[in-house]
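Understanding the architecture of this molecule
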Amino acid sequence: MQGSSGVQLATVDVPAGQVREQILQVLNAWGMAADLAATTADLMTETDLLGIDSHGISMLPSYEAKLRAGTLRIDARPRVVRDALSTALLDGMGGLGYPVAAQAMQLAVDKALEHGVGAVAVRNSHHFGAAGVYARIAVRRGVVGLVTSSATTLIMVPTHGTAPVLGTNPIAFAAPAAQNEPFVLDMATTTVAANKVKVYDFHGKRLPEGWAVDGQGASVTDSARAMQYIFERPDGGLTPLGGTAAMSSHKGYGLAVMAQILGGTLGGSAMAARRAAVRQPGEPDDIGHFFLALNPDAFRESGSFEEDVDDVIDLLHDTPAADPAQPVQVAGEPEAAERQRRLRDGIPIPEALAQRLRALCERGGVPYVLGA
């Protein structure tokens, strides 16, 4: 692959088992409990298998930075704070978001299977990876899943604004089908997730127009410069879903606010823009998540919902394609196909990421197992 400068960038395909082992060794070396580290490694590897490179093993350097800053309590174990018939509240205790998010989604499904609906909020958590992996937990157990989350990094520039006040605040929705792949929508509420810009930077690729803007609202296409606006500067950032901050509709911005209210405010987690002014060094991120599970059998005859979802998907598949080489697909299918390909061929690790992971492993005293 060539970067924007024309320099050839190396990428190595690594078997999924090795990627999982690398993540697990790092988490264990950091002091994460064995069972929680196993859950986290499974979810991060699954994310990479689905082709969501922005949220898999590439997140380890970010987590290390939080660990070294004292804002991540790697040895934390989640606890249940409230537990009612169809609702619950979990506390992530300042630890990585993966274990508490998996526990919350499983608990929501348990409640949905028993009561028809399960809704679980999480407070005091950290980054939990890709929202879609938790929605997929729901469909694997035969129910509809909805996932939202707040965020800690101020990234989104609201419509008509020039400074970021919200995170990407993702939303995921999944519904099971009888014969087709499940419908799985996994989206950022910005035009693109911030960590996807990070992947572009790893590969030296230029960004499409309208993804990122500077402090005057002008588009930034240099991925390295965009990373500065996203993670280092107080101005500029990513545009709301739908286009540039100056010209987009309010829909992406509104979705981000909705995800903040459900994912953060409902469970009692702080809004990052407010907390940033009073946050003390070493305090955790206090990200919130929300998980909703709906049992179709509570609404209609068993199996009929999945058959009708198949009908919806089949109808979409039957739509005449503008390009016969690119048949109509629905959300979730590209990721499922990529998962099969990567199980066969391996997970691509760009050299820029490999260099950071080698150094991270050296600092943690663990072997680098992703190749030479």
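These remarks concern the structure in this document. Throughout, residues of each chain are indexed from 1 in the direction in which the sequence is written. Per-residue local features of the predicted model are confined to residues with pLDDT of at least 70, and side-chain atom pairs are confined, for both listing and counting, to 80 or more; whole-chain, interface and lining totals are unaffected and use all residues. Note that the side-chain values use all heavy atoms of the structure and ignore hydrogens as well as water.

Let's shift gears to the overall build of the protein. Runs of E in the DSSP output that reach at least two residues are strands. Runs of H or I that reach at least four are helices, and both are numbered from the N terminus. For the protein, the helix and strand inventory stands at 12 helices and 12 strands. Against the compact-globule benchmark of 21 Å for 372 residues, the protein has a radius of gyration of 20 Å, which places it among compact chains. When the backbone C-alpha atoms are referred to their principal axes, the protein occupies close to 55 × 55 × 45 Å. When accessible area is computed with a 1.4 Å probe and restricted to protein chains, residues below 20% of their type maximum are described as buried, those above 50% as exposed, and intermediate ones as partly exposed. For the protein, buried positions account for 52% of its 372 residues. By the convention used here, residues are in contact when the closest approach between their heavy atoms is within 4.5 Å. Pairs at least 24 apart in sequence give 69% of the contacts found in the protein among residues at least 6 apart. As displayed, the protein has an accessible area near 16,200 Å², and 54% of this comes from carbon and sulfur atoms. Charge counting treats Lys and Arg as positive and Asp and Glu as negative, with His and both chain ends excluded. To locate a charge, take atom NZ for lysine, CZ for arginine, CG for aspartate or CD for glutamate. The distance from the centre of the 30 positive side-chain charges to the centre of the 40 negative ones in the protein is 8 Å. Only C-alpha atoms enter the radius of gyration; for comparison, a globular chain is expected to reach 2.2 Å times N to the power 0.38, where N is the number of residues. Note on areas: Shrake-Rupley with a 1.4 Å probe; residue coverage comes only from the protein chains shown.

Before going further, it helps to spend a moment on the packing of aromatic side chains. Any Phe, Tyr or Trp ring, taking Trp's six-membered ring, that has another such ring centre within 6.5 Å forms a pair; planes under 30 degrees apart are called stacked, those over 60 apart edge-to-face, and the others tilted. Within this structure, the stated rule accounts for 5 aromatic pairs. Arranged with centres 6.0 Å apart and planes meeting at 80°, the rings of tyrosine 134 and phenylalanine 291 form a pair that is edge-to-face. Within this pair, whereas tyrosine 134 is found in helix H5 (residues 132–140), its partner phenylalanine 291 is found in strand E11 (residues 287–294), the two being separated by 157 residues in sequence. Each of the two residues, tyrosine 134 as well as phenylalanine 291, counts as buried.

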